[in-house]
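The primary structure of each chain is shown beneath.
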Amino acid sequence: EVCFPFKPELTQQDGFIHAGIITTAADSACGYAALSSMPAGSDVLSVEFKLNLLRPAAGERFVARAQVLKPGKTLTAVRADVYAYVGAQARLVAAMQATMIRRQPLPTGAFE
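Residues numbered from 1 in each chain as written. Predicted model: local features only at pLDDT ≥ 70, side-chain atom pairs only at ≥ 80, totals over all residues. Heavy atoms only, no water.

Draft legend 1. Quick look at the overall build of the protein chain. Across its full length, the protein chain carries one helix and five strands. The linear arrangement of helices and strands in the protein chain, starting from the amino end, is β-α-β-β-β-β. Each principal axis of the C-alpha atoms in the protein chain carries an extent, and together these give about 40 × 30 × 20 Å. Residue burial in the protein chain is summarised as follows: out of 112 residues, 32% are buried. When contacts within the protein chain are restricted to residue pairs at least 6 apart in sequence, long-range pairs at least 24 apart make up 62% of them. On the protein chain, roughly 6,800 Å² of surface is accessible, and the fraction owed to carbon and sulfur atoms is 56%. One way to put it: in the protein chain the 11 positive side-chain charges average out to a point 7 Å from where the 9 negative ones average out. (Helix = DSSP H or I, 4+ residues; strand = E, 2+ residues; numbered from the N terminus. Buried < 20%, exposed > 50% of the residue type's maximum accessible area, 1.4 Å probe, protein only. Contact = heavy atoms within 4.5 Å. Areas by Shrake-Rupley, 256 points an atom, 1.4 Å probe, with all protein chains shown as cover. Lys, Arg positive; Asp, Glu negative; His and termini not counted. Charge placed at Lys NZ, Arg CZ, Asp CG, Glu CD.)

What follows is the structure, given as structure tokens:
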């Protein structure tokens, strides 16, 4: 899970959390979910994703909750749902499906 509170500086012109912030939270949650299925010492990068913005992101706090759909040796399919909370009530505001790639981290200072 990736969680963050409502902050005015994260909003767009109508006062809703900006789609870029929602996308970033969902992408990060997907990456952590994928990483949890990989061997120790792995690194992960997004290969592709699709985000459906389902309703305006209005709330007090936001949670992007991800799960692995299909782990793989190289590519892992994941999904994330992003919820807006007002008190204890949650509303689904976005859904992401993504593919993550496993890679070995580069040594410090190395270029690919």
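Having seen the structure, we can now continue with the description.
Draft legend 2. Representation of the environment of R61 in the model. Turning to its location among the elements, R61 is positioned in strand β3 (residues 61–70). Sequence separation between R61 and P5 is 56 residues, and the spatial gap between their C-alpha atoms is 4.1 Å. What R61 contacts, discounting residues up to four positions off in sequence, is F4, P5, F6, Y83, A84, Y85 and G87.

Draft legend 3. The arrangement of the packing of aromatic side chains in detail. Scanning all chains against the criterion turns up one aromatic pair. Summarising the aromatic geometry, the rings of F4 and F62 are spaced 5.2 Å apart at their centres and angled 15° between planes, so their arrangement reads as stacked. Placement of the pair is F4 in strand β1 (residues 2–5) and F62 in strand β3, with a sequence separation of 58 residues. The ring of Y85 is capped by R61, whose NZ or CZ atom sits 4.1 Å from the centre of that ring. (Phe/Tyr/Trp six-rings, centres within 6.5 Å; stacked < 30°, edge-to-face > 60°. Lys NZ or Arg CZ within 6 Å of the ring centre and 35° of its normal.)

Draft legend 4. Highlighting the sheet that holds β3. Pairing in this open sheet of five strands is antiparallel, and the strands run β1-β3-β4-β5-β2 from one edge to the other. Each edge of the open sheet carries a strand with a single partner, namely β1 and β2 (43–53). Strand-to-strand, the axes of this sheet are offset by a mean angle of 25°, without reference to chain direction. Bridge count between β2 and strand β5 (residues 89–103): ten bridges; the pairing is antiparallel. In the strand pairing of β5, F49 is matched with A98. (Pairing = 2+ DSSP bridges. Axes fitted to C-alpha atoms, helices over the stretch in contact; angles between N-to-C directions.)

Draft legend 5. Layout of the pairing of β5. Relative to β5, strand β4 (residues 75–86) runs antiparallel, the two being bridged by twelve bridges. Residue pairing across strands places Y83 opposite L92, the latter belonging to β5. Counted between consecutive antiparallel strands, the loop separating β4 from β5 contains two residues, among which G87 sits at a positive phi close to 65°.

Draft legend 6. Expanded view of the pairing of β4. Sheet topology note: the β3/β4 ladder contains nine bridges and is antiparallel. Following the sheet pairing, R65 is matched in β4 by D81. Linking β3 to β4, which pair antiparallel, is a turn of four residues.

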